[in-house]
Amino acid sequence: MFYVVYTDLDGTLIDEKYSFKAASQALETLKNRGFPLIFCSSKTRGEILFYREKMGFSDPFIAENGAAVYIPKGYFDFPIPGAQSVEGFSVLEFGLDYESLFRRVEKILIGLGIEYETFKGMSVSELSLDSGLSLMEAALAKDREYSVIFKAECEDSILTEAFRGEGLIYTRGARYHHVMGAHDKGVSVNALSSLFRMVYDEVLTVGLGDSLNDLEMLASVDLPISVRRPDGSIEDFGVKGVLETEGVGPIGWNERILGILSEKTDLI
């Protein structure tokens, strides 16, 4: 069996202090077994590249909530239909470009009379102070290509209705509002999984996430896993066959991946 692991980052593989140390054993096991680890996150290309390098992986990844799949050139030994060539990657795009998206978001927020501040509109130091990210990570987070993240005082229901009416997807994170085009993590997961299945006869896809933002990803894999949050709560995704972790964040991530790779059914 060839395992392909898709994972969210914040609250899943990295904790509230942006550490993945608790998952080190499972990460090393994946490397040693030669199984790909696919980061599938709301984070930007630059942010994911940062964590990808820190963890020592070189597999494809999915940025900005499924907006784009980045596949290293030569990773597959066949041409990838519909892919664009971008800085050493073959890229499958599913999202709207930032400028087009921002114009639509700006029009809606102004129309509602809502004062707002976007990631791109904040300085690196302002964003670092506001988010708790380091200056380097804040700079990477600002460089969005397919999604608009902003601060505003407004009811979620009002924003959800307004953006949905314009064919856009709106979600609320722990601190910020997120808007993107009509795509989700599931579309990109399915596209990438189909490429792996062109190479390997038996592929089992695993997905790990902690919030509703990960729903479509978990619904698109063979083995979905809901990761426990720091307060002990766990998202009820309503996905058939979903497993739960006992441990929180990367601790639970580590336990489940080790159980799966050991193929001990009592741990899976």
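These lines cover the structure that appears in this document, whether it is placed above or below.

Description of the packing of helix H4 (residues 124–131) against helix H5 (residues 135–142)
Between H4 and H5, the shortest axis-to-axis distance is 8 Å and the interhelical angle comes to 105°. Taken together, the axes of H4 and H5 are roughly perpendicular relative to one another. Residues Val124, Ser125, Leu127 and Ser128 of H4 form the contact with H5, whose participating residues are Leu135, Ala138, Ala139, Ala141 and Lys142. Taken together, the residues that form the contact of H4 with H5 break down as six nonpolar, two polar and one charged.

Some thoughts on the pattern of salt bridges
Taken as a whole and assessed by the stated rule, the structure comprises 11 salt bridges. A salt bridge links Lys31 to Glu28; its shortest N-O distance comes to 3.1 Å. Here Glu28 and Lys31 lie together in helix H1 (residues 24–33), a separation of three residues that amounts to about one turn. Among the residues examined, Lys31 registers a relative accessible area of 32% and is labelled partly exposed. Relative accessible area serves as the criterion here: at 39%, Glu28 is assigned to the partly exposed category. Measuring nitrogen to oxygen at the nearest pair gives 2.6 Å for the salt bridge that ties Lys185 to Asp214. Placement of Lys185 in helix H7 (residues 185–197) and of Asp214 in the loop between strand E11 (203–209) and helix H8 (215–219) is noted, with a sequence separation of 29 residues between them. The pair formed by Lys185 and Asp214 is uniform in burial state, with each residue classed as buried. In this structure, a network of salt bridges that share partners links the residues Asp8, Lys185 and Asp214.

Cut-offs applied
- Residues numbered from 1 in each chain as written.
- Predicted model: local features only at pLDDT ≥ 70, side-chain atom pairs only at ≥ 80, totals over all residues.
- Heavy atoms only, no water.
- Axes fitted to C-alpha atoms, helices over the stretch in contact; angles between N-to-C directions.
- Helix = DSSP H or I, 4+ residues; strand = E, 2+ residues; numbered from the N terminus.
- Parallel < 35°, antiparallel > 145°, perpendicular 65-115°, else oblique.
- Contact = heavy atoms within 4.5 Å.
- Nonpolar A, V, L, I, M, F, W, Y, C, P; charged D, E, K, R; others polar.
- Salt bridge = Lys/Arg side-chain N within 4 Å of Asp/Glu carboxyl O.
- Buried < 20%, exposed > 50% of the residue type's maximum accessible area, 1.4 Å probe, protein only.

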